[in-house]
Amino acid sequence: EDQVTQSPEALRLQEGESSSLNCSYTVSGLRGLFWYRQDPGKGPEFLFTLYSAGEEKEKERLKATLTKKESFLHITAPKPEDSATYLCAVRWQGGKLIFGQGTELSVKP
Amino acid sequence: SAVISQKPSRDICQRGTSLTIQCQVDSQVTMMFWYRQQPGQSLTLIATANQGSEATYESGFVIDKFPISRPNLTFSTLTVSNMSPEDSSIYLCSVDAGTDTQYFGPGTRLTVL
């Protein structure tokens, strides 16, 4: 069964304390892995697309990496405004997007 | 990317009534999607709406409950019919912008009493 699992479910960091979020997947024929940020009461905001193992993408304090079985979203020196739920989604050859449950990140000043 | 708007942004409805949610995109797109996000949960795909054809529904979702229209390449509606409190969710419209990436609207927060 195609599955996307994110860990941890929730993460509390102090401002400046770097960490990583994990997204593991069991999907046949990966067509892309996507990271989104979702603020409370809003729609997901697109962050990154990764297509192949070894690929990396960066945006400000965020860096996404991809292996054959998982992806990491690294957050360097986070700020309180980085607090949000981060969603990972995988698109397989069948075309449908499968979402993980998300990691709720809280960054305290 | 694509700019997507949804109406209404939120609504409170009575049990047994219906609500139609509108989704407008700033460019022509082939595929539009409707998702549901129940409280504290992740996104679940309801259906895929292609212009000029019937919507394709995912397992557990039926047309009588969630009828969808797709009259042109920039607009779609989702109706939540005969609502019950279990339908209280955020409903999200998204589009495939031709780059394998889906972009999402701001969502419609529905509360059913």
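Here is what the cut-offs are and how they apply
- Residues numbered from 1 in each chain as written.
- Chains lettered and ligands numbered in written order.
- Predicted model: local features only at pLDDT ≥ 70, side-chain atom pairs only at ≥ 80, totals over all residues.
- Heavy atoms only, no water.
- 1 Å grid on protein atoms, 1.4 Å probe; cavity = no way out; pocket = protein on both sides within 12 Å on 5 of 7 lines; lining within 4 Å.
- Points joined across faces, edges and corners; volume = space filled by probe spheres on them.
- Helix = DSSP H or I, 4+ residues; strand = E, 2+ residues; numbered from the N terminus.
- Nonpolar A, V, L, I, M, F, W, Y, C, P; charged D, E, K, R; others polar.
- Contact = heavy atoms within 4.5 Å.
- Buried area = accessible area lost by both parts, 1.4 Å probe.
- Salt bridge = Lys/Arg side-chain N within 4 Å of Asp/Glu carboxyl O.
- Polar contact = N/O pair within 3.5 Å; in protein donor to acceptor, adjacent residues only side chain to side chain.
- Buried < 20%, exposed > 50% of the residue type's maximum accessible area, 1.4 Å probe, protein only.
- Pairing = 2+ DSSP bridges.
- Axes fitted to C-alpha atoms, helices over the stretch in contact; angles between N-to-C directions.

**Digging into the layout of surface pockets**
Here is step 1 of the chain: By volume, the largest pocket amounts to about 520 Å³.
Here is step 2 of the chain: Lining the largest pocket are 27 residues; nearest its centre among them are A:Gln38, A:Thr85, B:Gln37, B:Gly40 and B:Gln41.
Here is step 3 of the chain: Contributions of two or more residues to the lining of the largest pocket are made by β9 (84–92) and β11 (103–108) of chain A together with β9 (89–96) and β11 (108–112) of chain B.
Here is step 4 of the chain: Taken together, 16 residues form the lining of the second largest pocket, with A:Ile98, A:Phe99, B:Leu43, B:Thr44 and B:Leu45 sitting closest to its centre.
Here is step 5 of the chain: For the lining of the second largest pocket, the secondary-structure elements that each account for two or more residues are β10 (97–99) of chain A together with β4 (31–37) and β5 (43–50) of chain B.
Here is step 6 of the chain: Residues that form the lining of the second largest pocket fall into these classes: seven nonpolar, six polar and three charged.

**Notes on the interface of chain A and chain B**
Here is step 1 of the chain: In this assembly, 18 residues from chain A lie in contact with 18 residues from chain B.
Here is step 2 of the chain: Interface area, chain A with chain B, both sides summed: about 1,400 Å², of which 46% is carbon and sulfur.
Here is step 3 of the chain: A per-residue breakdown of the area chain A buries against chain B is headed by A:Pro44, A:Arg91 and A:Phe99, which together make up 29% of the total.
Here is step 4 of the chain: Seen at the junction of chain A and chain B, the total is two salt bridges.
Here is step 5 of the chain: Among the salt bridges present, the one from B:Glu58 reaches A:Lys96, with a minimum N-O distance of 3.0 Å.
Here is step 6 of the chain: Connecting chain A to chain B are seven residue pairs in polar contact (both at pLDDT 80 or more).
Here is step 7 of the chain: Only β4 (30–38), β5 (45–50), β9 and β10 of chain A provide two or more residues apiece to the side of chain A that touches chain B.
Here is step 8 of the chain: Considering each element in turn, the side of chain A that touches chain B owes the most residues, four residues, to β4(A).

**Description of the pattern of salt bridges**
Pairing between side chains of opposite charge can happen when their charged atoms approach one another.
Here is step 1 of the chain: A full pass over the atoms with the stated rule returns seven salt bridges over all chains.
Here is step 2 of the chain: Between A:Lys63 and A:Glu56 there is a salt bridge whose closest N-O contact spans 3.3 Å.

**Some points on the pairing of strand β2 (residues 10–14) of chain A**
The two faces of the sheet receive side chains in turn, since in a regular strand these alternate between them.
Residue and element names in this part refer to chain A.
Here is step 1 of the chain: Residue alternation in β2 divides its side chains into a buried set, Leu11 and Leu13, and an unburied set, Ala10, Arg12 and Gln14.
Here is step 2 of the chain: For β2 and β11, the ladder comprises five bridges, and the chain directions are parallel. Paired with Leu11 across the strands is Leu105, a residue of β11.

**Notes on the sheet that holds strand β8 (residues 75–80) of chain B**
Residues and elements named next belong to chain B.
Here is step 1 of the chain: Reading across the sheet, the four strands line up as β1-β3-β8-β7 and stay open at both edges, with antiparallel pairing between neighbours. A single partner strand is all that each edge strand has here, and the edge strands are β1 (4–7) and β7 (68–72). For this sheet, the mean inter-axis angle between neighbouring strands, taken without regard to orientation, is 15 degrees.
Here is step 2 of the chain: Note that β1 and strand β3 (residues 19–25) share four bridges and pair antiparallel. When the bridges of β3 are listed, Ile4 appears paired with Val25.

**Examining the sheet that holds strand β1 (residues 3–7) of chain A**
Residues and elements named next belong to chain A.
Here is step 1 of the chain: Spatially, the five strands line up as an open sheet ordered β1-β3-β8-β7-β6, and their pairing is antiparallel. Across the chains shown, the open sheet's two edge strands, defined by having one partner strand only, are β1 and β6 (56–59). Across the sheet, the mean angle from the axis of one strand to that of its neighbour is 15 degrees, orientation sign disregarded.
Here is step 2 of the chain: By the bridge criterion, six bridges tie strand β3 (residues 19–26) to strand β8 (residues 70–75) in an arrangement that is antiparallel. Of the residues in β8, the one forming a bridge with Cys23 is Ser71.

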